[in-house]
Every structure is written in structure tokens, then in C-alpha cells.
Amino acid sequence: MEDHCCSTQLIDGDGKFNVAGLDNFVRTTKLAHCGLSYAVVAIMGPQSSGKSTLMNHLFHTNFREMDAYRGRSQTTKGIWIAKCVGIEPSTIAMDLEGTDGRERGEDDTAFEKQSALFALAIADIVLINMWCHDIGREQAANKPLLKTVFQVMTRLFSPRKTTLLFVIRDKSKTPIEYLEPILREDIEKIWDVVPKPEAHKNTPLSEFFNVEVTGLSSYEEKEEQFKQQVAELRQRFFHSISPGGLAGDRRGVVPASGFSFSAQQIWKVIRENKDLDLPAHKVMVATVRCEEIATEKLRLLSVDKGWLALEEAVQAGPVSGFGKKLSAVLDTYFSEYDLEAIYFDEGVRNAKRRQLESKALDFVHPLFSSMLGHLRSKAFESFKTRLEQLLNKGEGFAASVSRCTQSCMLEFDQGCADAAIRQANWDASKVREKLSRDIDAHASSVRSAKLAEIIANYEKKLAEELIAPVESLFEVGSEDTWPSIRRLLKRDSEAAVLDFSTAIAGFELDQSTVDAMVQNVRSYARNVLEKKAREESGKVLIRMKERFSAVFNHDNDSMPRVWTGKEDIRKIMKDAHLASLRLLSVMAAIRLDEKPDKIETVLVSSLIDGTLTVSSSRDRSIGTSADPLASSTWEEVSRKDTLITPVQCKSLWRQFKAETEYTVTQAISAQEAHKRSNNWLPPPWAIVAMVVLGFNEFMLLLKNPLYLMVLFIAYLLSKALWVQMDISGEFRHGTLAGLISISSRFLPTVMNLLKRLAEEAQGHPTPEAPRPQQSLAESSVSSNISSSDSGLEYSSPNMTHRRSMKSEEAEVS
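Reading guide: rules and limits
- Residues numbered from 1 in each chain as written.
- Predicted model: local features only at pLDDT ≥ 70, side-chain atom pairs only at ≥ 80, totals over all residues.
- Heavy atoms only, no water.
- Helix = DSSP H or I, 4+ residues; strand = E, 2+ residues; numbered from the N terminus.
- Contact = heavy atoms within 4.5 Å.
- Areas by Shrake-Rupley, 256 points an atom, 1.4 Å probe, with all protein chains shown as cover.
- UniProt positions renumbered as here; feature names shortened; annotations may be inferred.
- Buried < 20%, exposed > 50% of the residue type's maximum accessible area, 1.4 Å probe, protein only.
- Patch = residues over 30% accessible without salt bridge, like charges linked within 9 Å, V, L, I, M, F, W, Y side chains within 5 Å.
- Salt bridge = Lys/Arg side-chain N within 4 Å of Asp/Glu carboxyl O.
- Core = buried A, V, L, I, M, F, W, Y, C linked by side-chain atoms within 4.5 Å.
- Pairing = 2+ DSSP bridges.
- Axes fitted to C-alpha atoms, helices over the stretch in contact; angles between N-to-C directions.
- Phe/Tyr/Trp six-rings, centres within 6.5 Å; stacked < 30°, edge-to-face > 60°.
- Parallel < 35°, antiparallel > 145°, perpendicular 65-115°, else oblique.
- Left-handed = near helix turned anticlockwise from the far one by under 90°.
- Nonpolar A, V, L, I, M, F, W, Y, C, P; charged D, E, K, R; others polar.
- pLDDT = per-residue confidence, 0-100.
- Expected span 1.5 Å × (residues − 1).

So, the overall build of the protein chain
When you go through the protein chain residue by residue, the secondary structure sums to 27 helices and 7 strands. Look at the contacts in the protein chain between residues 6 or more apart in sequence, and 72% of them connect residues 24 or more apart. As presented, the protein chain carries roughly 44600 Å² of accessible surface, and 53% of it is formed by carbon and sulfur atoms.

Some remarks on the UniProt feature "binding site: GTP" (unreviewed entry) in the protein chain
The UniProt record annotates "binding site: GTP" (unreviewed entry) at Gly-45, Pro-46, Gln-47, Ser-48, Ser-49, Gly-50, Lys-51 and Ser-52. Considering the arrangement of structural elements, one finds Pro-46 in the loop between strand E2 (38-44) and helix H3 (51-59). Overall, Pro-46 belongs to the buried group, its relative accessible area being 13%. Setting aside residues no more than four positions away along its own chain, Gly-50 makes contact with Asn-129 and Arg-169.

Thoughts on a nonpolar patch on the surface
Together, Leu-706, Met-709, Val-710, Phe-712, Ile-713, Tyr-715 and Leu-717 make up a nonpolar patch on the protein surface, roughly 700 Å² of accessible area in all. Note that Val-710 resides in helix H24 (residues 705-725).

Brief notes about the nonpolar core
Formed by 172 residues in total, the largest nonpolar core has its most connected members in Tyr-38, Phe-118, Phe-150, Phe-166 and Phe-209. Residue contributions to this core peak at 16 residues, all from helix H12 (residues 346-392). When sequence neighbours within four positions are dropped, the list of residues in contact with Phe-166 reads Ile-128, Met-130, Leu-146, Leu-183, Ile-187, Val-211, Glu-212, Val-213 and Thr-214. Counting residues in hydrophobic clusters, the runner-up holds 23 residues, among them Ile-43, Ile-87, Leu-233 and Leu-246.

Section: unusual backbone geometry
With an omega dihedral of 0°, the bond running from Glu-88 to Pro-89 counts as a cis peptide bond. By secondary structure assignment, the location of Pro-89 is in the loop between strand E3 (79-83) and strand E4 (90-96). In the Ramachandran plot, His-60 falls in the positive-phi region, its phi being about 60° despite a non-glycine side chain. By the element assignment, His-60 lies in the loop between H3 and E3.

Observations regarding the sheet that holds strand E1 (residues 8-11)
Taking strand neighbours across the sheet as the criterion, the 7 strands line up as E1-E3-E4-E2-E5-E6-E7 in an open arrangement whose pairing is mixed. Either end of the sheet is taken by a strand with one partner, and the two such strands are E1 and strand E7 (209-216). With direction set aside, neighbouring strand axes in the sheet form an average angle of 25°. Bridge count for E2 against strand E5 (residues 125-131) is 4 bridges, and the pairing is parallel. The partner of Val-41 across the bridge, within E5, is Ile-125. The strands touched by helix H7 (residues 223-235) are strand E6 (162-169) and E7; relative to E7, the strand with the most contacts, the crossing angle is about 155°.

Observations regarding the packing of aromatic side chains
What the rule picks out here adds up to 17 aromatic pairs. Seen from their ring centres, Phe-208 and Phe-209 are 6.5 Å apart, and the 40° between their planes marks the pair as tilted. Assessed through its relative accessible area of 2%, Phe-209 is described here as buried. A centroid spacing of 5.6 Å and a plane angle of 85° characterise the contact between Phe-548 and Phe-656, whose relative ring orientation is edge-to-face. One end of the pair, Phe-548, is in helix H17 (residues 540-553); the other, Phe-656, is in helix H21 (residues 646-678), with 108 residues separating them in the sequence. As far as the burial class goes, Phe-548 and Phe-656 line up, both buried. Among the aromatic side chains, those forming a connected cluster through ring pairs are Phe-548, Phe-552, Trp-563, Trp-653 and Phe-656.

Overview of the packing of helix H8 (residues 259-271) against helix H9 (residues 278-302)
At their nearest, the axes of H8 and H9 sit 10 Å apart, and the two run at 135° to each other. Between H8 and H9, the interaxial angle falls into the category oblique. The two elements H8 and H9 meet at a crossing, and its hand is right-handed. From H8, Phe-261, Ser-262, Gln-265 and Ile-266 reach across to H9, where they touch His-281, Met-284, Val-285 and Val-288. Of the residues that constitute the contact of H8 with H9, the class distribution is 5 nonpolar, 3 polar and no charged.

A short note on the pattern of salt bridges
The full count for this structure, using the stated rule, is 39 salt bridges. When the shortest N-O distance is used, the salt bridge between Arg-491 and Asp-492 registers 3.1 Å. Across the pair Glu-535 and Lys-532 runs a salt bridge whose closest N-O atoms are separated by 3.6 Å. A residue pair is termed a helical-turn pair when its members lie 3 or 4 positions apart in one helix, as Glu-535 and Lys-532 do in helix H16 (residues 511-537) at 3 residues. Put simply, Glu-471, Glu-475, Lys-532, Glu-535, Glu-536, Lys-539 and Arg-543 are held in one network by salt bridges that share partners.

A short note on the packing of H3 against H7
Close contact between H3 and H7 brings their axes to 9 Å; oriented N to C, the two are set at 65°. As for the relative orientation of H3 and H7, their crossing is right-handed in sense. Where H3 abuts H7, its residues Leu-54, His-57, Leu-58 and Phe-59 lie against Phe-226, Lys-227, Val-230, Leu-233 and Arg-234. Grouping the amino acids of the contact of H3 with H7 by side-chain chemistry returns 6 nonpolar, 1 polar and 2 charged.

Points about the confidence of the model for the protein chain
Model confidence for the protein chain is summarised by a mean pLDDT of 81, while 86% of its residues fall at 70 or above. Every residue in residues 68-73 scores below 50 in pLDDT, and together they form 7 contacts with partners more than four places removed in sequence or on other chains. Ignoring residues within four places in sequence, the model shows residues 768-813, a span with pLDDT below 50, making 82 contacts including any to other chains.

Considerations on the side chain of Arg-234
Note that Arg-234 resides in helix H7. Beyond its immediate sequence surroundings of up to four residues, Arg-234 is in contact with Leu-58, Phe-59, His-60, Val-85, Gly-86 and Ile-87.

Some words on the environment of Glu-207
Checked against the element boundaries, Glu-207 lands in the loop between helix H6 (176-193) and E7. Of the residues examined, Glu-207 reaches a relative accessible area of 41% and is grouped as partly exposed. Between the C-alpha atoms of Glu-207 and Arg-160, which are 47 residues apart in sequence, the distance is 8.6 Å.

Brief notes about the pairing of E2
Within E2, 7 of the 7 residues are buried, which leaves the element mostly enclosed by the surrounding structure. Of the two faces of E2, the one lined by Tyr-38, Val-40, Ala-42 and Met-44 and the one lined by Ala-39, Val-41 and Ile-43 are each fully buried. The pairing of E2 with E4 spans 6 bridges and is classified as parallel. Residue pairing in the sheet places Tyr-38 in a bridge with Ser-90 of E4.

Some remarks on H9
Over its 25 residues, H9 runs 36 Å from end to end, which matches the ideal 36 Å to within 8%, given 1.5 Å per residue. Among the residues of H9, Leu-278, His-281, Val-285, Ala-286, Arg-289, Cys-290, Ile-293, Ala-294, Lys-297 and Leu-301 are the ones counted as buried.

Comments concerning the side chain of Ser-115
In this fold, Ser-115 is placed in helix H4 (residues 108-122). Its relative accessible area of 3% is what places Ser-115 among the buried residues. In contact with Ser-115, other than residues within four places in its own chain, are Ile-79, Leu-96 and Trp-267.

A few points about the pairing of E3
Residues in a regular strand point their side chains to alternate faces of the sheet. Where E1 and E3 come together, 3 bridges link them in antiparallel fashion. Bridge pairing in E3 links Thr-8 to Ile-81. Relative to E4, E3 is paired through 5 bridges, and the arrangement is antiparallel. Bridging from a neighbouring strand, Trp-80 pairs with Asp-95 of E4. Between E3 and E4, which follow one another and run antiparallel, lie 6 residues, and Gly-86 among them has a positive phi close to 80°.

Here you go:
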């Protein structure tokens, strides 16, 4: 029985509350799980009136009983509690220290009131143990006890509707039906005279108490009858809290899980001699207990295996069914809170539940945010991948972006719906907006990259199509150069603009942007030409020299000139200068705007014709120059279109003339050398003198043909010697060198000729001996002579002209 009832001293004789003992009692009896299905029964009465004995027999407890053989003395000190064995619902028996005991003396009243108030605040049923022979007496022992009970009730701000069960001990032969009215009358009298709060002055006793009366026979004289009556009384405590039971209309019950804390706080207030506000106390107990329950559930949530597994999974990436899983975890602990706090004050319970929900949601919200972050990242990566795939397939950019954006936002919304929990209506709009901003930013970046790539391709294509033709046109440097360049620019730029407009049509750009980009393409084409023109202008001196050389050294048929002495070098030089100057005028300025200018006229008149405007005396007096090239700008040409300034043109022309002067000098020298090499006749006066003085000899030859034959043979021999010895070539190295060479070769050459003539006369001709090979230095200054049927062939380093002839060796007879 001791193990079942778990008897514990709740408050000792000094008024100290046994917190540890009560907690152990609650834990051992599993009282906290009872909710409101429990009852507390307390017993009050004079000392040594058999209270403990009645409780032990009534509830099968093991409170300490008085040993009558050792005298009548105080047995129960303070307040003891025990579990009533075999009673349903779970019932707690509370045995109070007896009143009017000699052990406490004058302090008896104080502790008596405190314990009575504690019992009335805690118990649902209070047994008033009193003797039968005290009923009807004015100064009987039950009167002080009842006064104490009613007085302390005034310190309870709100009535609990406690059941007062008067147990009349050692009843006499007087039927209980006669004793009960007398007892009730006494109780009413006591209630009327007891001071009450202003709010309850006219409140009847029935608002505070249910009064029940029962009688028991003497335990000592009629023990069996006593036990039988106690057993019958015990049956009344079964289902005592049900409607119609002893405590069926009780009010302000503290849930079993808050019983320990409530008891501690009530006793604390009573000991401090304060009025006990039961409704406020009930709220306070509910507040503390609901707070404890909520804190415990929050702690258990933080270590829940399902929660920890979900948290770990989310750290790695998005989790399918996140919302359902998290909602299930939260529902578990919210439901547990509801079950444990269901019997506490509804307002407090609901407030604490809202706090629990708020704290729990705050606790799990970072994980929800992480989940949204994963969903956003996944949707964003999906957008980038899909966009790249669609663009690689050749779909339009704007259509691809719209399609990918729609699908990825739908994917994100579905993920958010899957991640949503039932307990909260969290807004994912900010994350959605960030995803939208990220998509827009990436789309803008890809758009810029694609447009830049397209622009770069078309610019490269434009440059390739323009640079080579423009360079060729600049090399020609004719009057039609700039018109051709303008036509080329217009044709290629318009073609590029058309293709470019088609290429960017899929981007769905606004018209102003398209116009600006098209204009940029046109500007780029123009800039390419301008850049190339500036580049070519730096080569103008080289181009001018090449042009001069081409015109000066080649005829109209592009054949190299041979300076035979008949060419007009001055006229040819002037033509070459004009061609070079025309090239300079072409390169002097950029002419893409079709504006007329006088650059060529100024250059020709200033540098070739030399027709300079004579400045007036006034102009000369103020030092102004009449030279149109003494300026840094051209008329009708802007500075940005100027490639070569007039001053630079003048400087370039001086340098050009200095560098081409040698070519002209060489041509003149070659012409004079050719004249010298081909002019073997004496001067005209010498010829006239020879005709006049040699007339007689000539007539002699005509009269004697033998002389003519001798002269003819001498002529043939001389010609053969001339050809064999290359007389003209030998004298090219100088007169002295020629004479030395001829004298050393004269005799061998004569002998060779005679030998050949002799062999031919005998009919055995010998092959012609190879002519001696002259060195490269000799060939540059010597002339070769060969005989033929039609005449002679001349060659020199400055002449490449040849006359056609048959190559046949001259025969000497």
C-alpha cells in the first residue's frame, strides 16, 4: 500500500514547502498525465479526532495514526498528501494538521488559518471531521473550525464551489436526518456573522460551498459497522468530478501538470499573508506551465531527428516535398503542446501557442529561406542552360528569353508551392523578384555579348571588304579614286546594314536602338576608310616615287624605255611629276562627302607650273606670303578630313624631287652615252672637206676598178677584225685601256682570220672558236658586234633595244 499511495509530507510543521517531495510524488503517481481528471480531497478537524484513521480507511492510504495506548497527542505535523488507492479518477488525499492542539499554543490559529486557506484553494472536497456531541452547542469545537474556514474564504477573490462534507463521528442514536438541519442552521449562522468582502456581503453560502453531511459510527466501539459505513462513503468518491458527483460543479481547476507549481505559489502567497486571487493565480499558473510546455516543445523540435535530417538535406540542395516534411514535424510538436496545455486557461493557452508557433517558425524560417535560395539558383541555372541551347539552335533571342523565363519562373513557383508549409503563409515574392532580376541581368548580359559578337563579325567583314579594294584604289591614285571609294563605301555599308538589321531582328530591340546600331555600323565603315586613308597617307612619298618611276621608265604601252637619244626627257619628267603630284593631291584629304576642292589645282600651279600670285606692295609691306602652300589648312576642307597639310605637301614635294633627281640624271647620261656610242661619222665640215679634197682620188677609184676591189677587201677585213675584237666594247673602259687591249689581241685575231680563210679555201672549214667570255664588269661597259644579213646588233647596259637579224657568221673570202 505504501508503494501505491506514495505518502509524502507536503508542508512540514515549520511551514516549509517540500518541492522535491512534491515533484517526486507527481512523477511517481504520473499525475501530470491526468489533465483535469483528478480530484483533491482534504480533511480538517480538531487534533486527535481520527482524521488520519478515517483517511486511511476511506482511501487506503498510510497516514500515520495516533496510538491511543500512548496518550492523545499530535500525530500529523504540517500537511501530508497521498494517492487514494483504487479511486477513479485519480484522487489525492490531503491530511492537515489538527486544530486546537496544545503543541502549537498561541501559534495554532495562524497555522490553522494558513493550512485551511491552502486546503480550500487546492482541494475540491473538504472533509470536516467533527464529533456528534458537539452539534447544537454554542461553544463546541466545530464552531472555531467553521469560523476559520469561512473567514479564510473571504481571502479568495473568487469562489471555487468547494464541497464541504461534514463527517459526524461517533454518531448517537439520533437519526442523521435530525442532526443535519441543526448543523446546517449552525453553519448558516456562522456564515452570516463572518466578515465578508463588500462584493460578497449578500452572497449566500451556496455560492461558495456545497454542504453535504454524513455520519459514522464509533471506530473503537463499533469497528465493523464503522468500516462498513466507510466503505459506503468510499463509493461516493468514485467519479466524484462527474456531473452529480461530490465535486461535479467545481470551478477553477488547475490542470494536473500545473498542480505542483500551483501548490507552491499558493502556499507562498499564503505564507506572505497576502490575499489569494484564484483567477489571477489560475492565469499565472497557466502562463508559467504553458510557457514551460512551449519551451520544452521548442527544445525537442531543435533536436528532432526528422528536423535534423531535413536540415542536413537542404544544406546539400533542394529537397522534394520540403513543405510536407517540415509541416509534419511542426504539427507533431504543436499537437503535443495542445494536448498538454488543453486544460489551462484558454486565453493563456492560445497566447502561448501563438508564441510557440512564432518561435518555431522563426527557428525553421532560415531553412525555408535556404530552400528558396536553392530553388532560385536551380531555376536560374536552368534558365542559362535552356537559353544557351535555344540560341545554339538558332532561335530568336527575344523569343528564347521569353520562353526560358516563363518556364523557369513556373518551375520556381512550383518549387515554392512544394516548399510552403501549412503553419505559415511565408511570402516568396522577394526571392522571386531577385530571380527575375537575375534572369533580366543575365539576359541583358547575353544580349550585349551576342550583339557585340554580331557587331564585331560585321565590322570584321566590313573591314575585310573595304581595306583591300581601298588600298588598291589608293595605289592607282587617279581622279576617279575617291568617287570609286564612295561608291564602294555606299555599296558595302548598305549591304552590311541590311544583313545586320536581319541578324538583330530576333532581339526585338526598340527602333531608336536599332537606328543607333545601324548608324554605328555606317560610322564604323566610314572610320575604316578614314583610318586606311590616314595609313596610306603616311606612304605617300613611297607611292609618289613608285608612280614617278612607273611613268618615267615606261612608255604608254608599259614597256621599259630605252634611252636612244630621241626621247624628250623633259616632257617625260613633267608627265611623271604630274602623275606623282596627282597622287599627292588624292592623298591630301578625305573626300567622302563629295565636296569639291581645289587641292590638285593649287598643287599643280604651285609646284609644277610655278604660277604664283604676285602679292601687292601692301601685302609685301605687312609680310604676308602669296604662296598658297604656306598654310596648315586647305580651302573647303575641314581639319578632320585633312590628311596632308599644304605645308607638308610642299615639304614632301621637295623631298620627292630630291630623291627622283638621280633617276632623271641617269636617264640623261644614258641618252648621251648612247649617242656617243652610235655616232662614228666625222663632223659635217670634215665630210665636206673630205669630199672636196678627195674628189680626185674618188674619180681615180672609179676609173680603176682594181682599187675598188682592194678597198672592198680591206673593208671586209676591217669589219671582221672589228667584230672579232669588239673594238667598241674595248674602248668603253677608256681610251688607254682600249688601245692596250687591242694591241695585245690584234696579232692573234689576224692570224685566226687568215687560218680560217685558208681552211675554207681548201674546203675544210673549222668550227668558229668561242669568243672570249668577258667578266661581268667588262660586259657592263663593252659592246658586242655580230654580223648578219641585215646589219648589226648593238647592246649596252643602258640600251636593251635590239634589231632583228639572222644569226649567221660573216664569211670572209
